[in-house]
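Report on the structure
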Amino acid sequence: MAVATLWAGPEAVRPVDEPALAPRTTDIPAWISAMTADQQVGDCVLSQLLLGERVLIEEIRPDGWARLIATEQPAAKLDPRGYPGWLPVEQLAPATTDPAGEEPVVVDATVTALFATPDGDPVLPGVILGTRLTPAGPARDGWSPVYAPGHDHPLWLPADHLAPVPSRPPSAVEVLAVANRLLDVIYLWGGVSAYGIDCSGLVHLAWRRFGVRLPRDADDQANATTPLPLGAERPGDLYFFARPGRNIHHIGIVTAEPGYGDNRRMLHASYTQRRVLEESLTEDRRATLVGAHRVRPCTD
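Notes on the structure follow. Since we're looking at a predicted model, the values are computed, not measured.

**A word on the overall build of the protein chain**
On a plain count of helices and strands, the protein chain comes out with five helices and 20 strands. In terms of overall size, the protein chain behaves like a compact globule, its C-alpha atoms giving a radius of gyration of 19 Å where 300 residues would be expected to give roughly 19 Å. If you line up the protein chain on its principal axes, its C-alpha atoms span 60 × 45 × 35 Å. When contacts within the protein chain are restricted to residue pairs at least 6 apart in sequence, long-range pairs at least 24 apart make up 58% of them. Approximately 13,500 Å² of the protein chain is accessible, and the part contributed by carbon and sulfur atoms is 52%. For the protein chain, the distance from the average position of its 26 positive side-chain charges to the average position of its 37 negative side-chain charges is 5 Å.

Laid out in structure tokens, this is it:
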């Protein structure tokens, strides 16, 4: 799967979710566009997994569903091993070992596809920014061959859609630039893709592009980052929000140094406006702002 959806349970799946349940190629854009605004924020979806993301299978049911742990999405409050949830077994492939000596690469295009041959037919559409792949040889005529789980032969994608996995921590500005490419993406509860994403998914995916593994949920992201005095935040840092006596419920990425009169700006996936946008903090956001944090490692 280019993108597989992690469900709260098999019984949580709705008729509208059929495009996200295909055994070989999910149609995430069709799935999201078919939902009403209320269905897009239903709590049946927990998260999403990208092509090649490793999981630990705990149970396989006779009806074809697997209970598993998404080990690349930390979720300390739920399971120390990763994010728990359910997937159709047919959306899983056996884990493979990367060929010796091959340095992994990461998808740097917002969305791309894998092809059977250069300029051939697409085999796996909808491959998302931040997906890690293993090279299968040198580029040829602007195309790069890569290994993909579940496929016996290398697949191809435009060479300029790939980048080396960084060997150094990213700068906050680099991460913010990646997150900015997701402006206007639809808000999807549990989403972690360029088709639909939620507030903590936006943060998780932007840092994932650079090999920094942040937790999946906002409250866990707060625990995994370094608090700053309000006023010391800089673009690329994080704002966290909570109501009195409640857990953190929202997160945004700082886009400007704080201005006169408590004016602050952030990029975030907005539940109320149902899309990713960059804006000044509203009155409600200012009232519920509980802290600014910095991701470590991250350079200035």
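**A closer look at the packing of aromatic side chains**
A full pass over the atoms with the stated rule returns four aromatic pairs. Ring centres of phenylalanine 115 and tryptophan 143 lie 5.3 Å apart, and the angle between their planes is 85 degrees; on these two criteria the pair is classed as edge-to-face. One end of the pair, phenylalanine 115, is in strand 7 (residues 111-115); the other, tryptophan 143, is in strand 10 (residues 143-147), with 28 residues separating them in the sequence. Overall, the relative accessible area of 17% leaves phenylalanine 115 in the buried class. Positioned above the aromatic ring of tyrosine 271 is the side chain of arginine 274, whose terminal nitrogen or guanidinium carbon lies 4.9 Å from the ring centre.

**A short note on the pairing of strand 20 (residues 289-294)**
With five of six residues buried, strand 20 is to be regarded as a mostly interior element. With three bridges joining them, strand 15 (residues 226-228) and strand 20 adopt antiparallel strand pairing. Counted as the bridge partner of proline 227 is histidine 293 from strand 20. Pairing geometry for strand 16 (residues 238-242) and strand 20, over four bridges, is antiparallel. In the sheet register, phenylalanine 240 faces strand 20, and the bridge partner there is glycine 291.

**Observations regarding the environment of valine 178**
Along the polypeptide, valine 178 turns up in helix 2 (residues 172-180). Exposure remark for valine 178: the relative accessible area of 5% places this residue in the buried category. C-alpha separation for the pair valine 178 and arginine 246, spaced 68 residues apart in sequence, amounts to 31 Å. Residues contacting valine 178, with those up to four places away along its chain left out, are Leu129, Ala206, Arg209 and Phe210.

**Observations regarding the side chain of threonine 5**
Examined against the element boundaries, threonine 5 turns out to sit in strand 1 (residues 3-7). For threonine 5, a relative accessible area of 0% translates into the label buried. Engagement of the side chain of threonine 5 in a polar contact is seen with the side chain of glutamine 48, the distance being 3.2 Å.

**Points about unusual backbone geometry**
In this structure, aspartate 119 is a non-glycine residue whose phi angle is positive, near 60 degrees. With respect to the helices and strands, the residue aspartate 119 is situated in the loop between strand 7 and strand 8 (122-128). A relative accessible area of 64% means that aspartate 119 is categorised as exposed. One non-glycine residue, aspartate 184, lies in the positive phi region at around 75 degrees. Positionally, aspartate 184 belongs in the loop between helix 2 and strand 13 (186-187).

**Here we look at the pairing of strand 7**
For strand 7, the buried fraction is high: four of the five residues fall into the buried class. Summarising the sheet, strand 7 and strand 8 pair through four bridges and their orientation is antiparallel. If you follow valine 111 over to strand 8, its bridge partner there is isoleucine 128. The hairpin turn running from strand 7 into strand 8, its antiparallel successor, is six residues long, and aspartate 119 in that turn takes a positive phi close to 60 degrees.

**So, the state of the cysteines**
Here, disulfide denotes a covalent bond that connects the sulfur atoms of two cysteines. Scanning the entire structure with this criterion turns up zero disulfides. As a non-bridged cysteine, cysteine 44 has cysteine 199 as the owner of its nearest cysteine sulfur, 17 Å distant. Classification of cysteine 44 as buried rests on a relative accessible area of 7%. Residue cysteine 199 is classed as buried on the basis of its relative accessible area, which comes to 7%.

**Details of the nonpolar core**
Counting 47 residues, the largest nonpolar core has Trp7, Trp31, Ile197, Trp207 and Leu238 as the members making the most contacts within it. In terms of residues, this core owes the most to one element, helix 3 (residues 199-208), which gives six residues. The contact partners of tryptophan 31, leaving out residues within four places of it in the chain, are Thr5, Trp7, Arg14, Val16, Asp17, Pro19, Ala20, Val45, Gln48 and Leu188. Ala2, Leu51, Leu124 and Leu157 belong to the second-largest nonpolar core, a separate cluster that totals 14 residues.

**Quick look at the environment of aspartate 27**
The residue aspartate 27 is located in the loop between strand 1 and helix 1 (28-34) in this model. In the structure, aspartate 27 is positioned 98 residues away from proline 125 in sequence and 8.7 Å away in space, judged by C-alpha atoms. At 3.1 Å, the side chain of aspartate 27 forms a polar contact with the backbone nitrogen of alanine 30.

Each value, and the rule that gives it
Residues numbered from 1 in each chain as written. Predicted model: local features only at pLDDT ≥ 70, side-chain atom pairs only at ≥ 80, totals over all residues. Heavy atoms only, no water. Helix = DSSP H or I, 4+ residues; strand = E, 2+ residues; numbered from the N terminus. Rg over C-alpha atoms; globule rule 2.2 N^0.38 Å. Contact = heavy atoms within 4.5 Å. Areas by Shrake-Rupley, 256 points an atom, 1.4 Å probe, with all protein chains shown as cover. Lys, Arg positive; Asp, Glu negative; His and termini not counted. Charge placed at Lys NZ, Arg CZ, Asp CG, Glu CD. Phe/Tyr/Trp six-rings, centres within 6.5 Å; stacked < 30°, edge-to-face > 60°. Buried < 20%, exposed > 50% of the residue type's maximum accessible area, 1.4 Å probe, protein only. Lys NZ or Arg CZ within 6 Å of the ring centre and 35° of its normal. Pairing = 2+ DSSP bridges. Polar contact = N/O pair within 3.5 Å; in protein donor to acceptor, adjacent residues only side chain to side chain. Disulfide = S-S within 2.5 Å. Core = buried A, V, L, I, M, F, W, Y, C linked by side-chain atoms within 4.5 Å.

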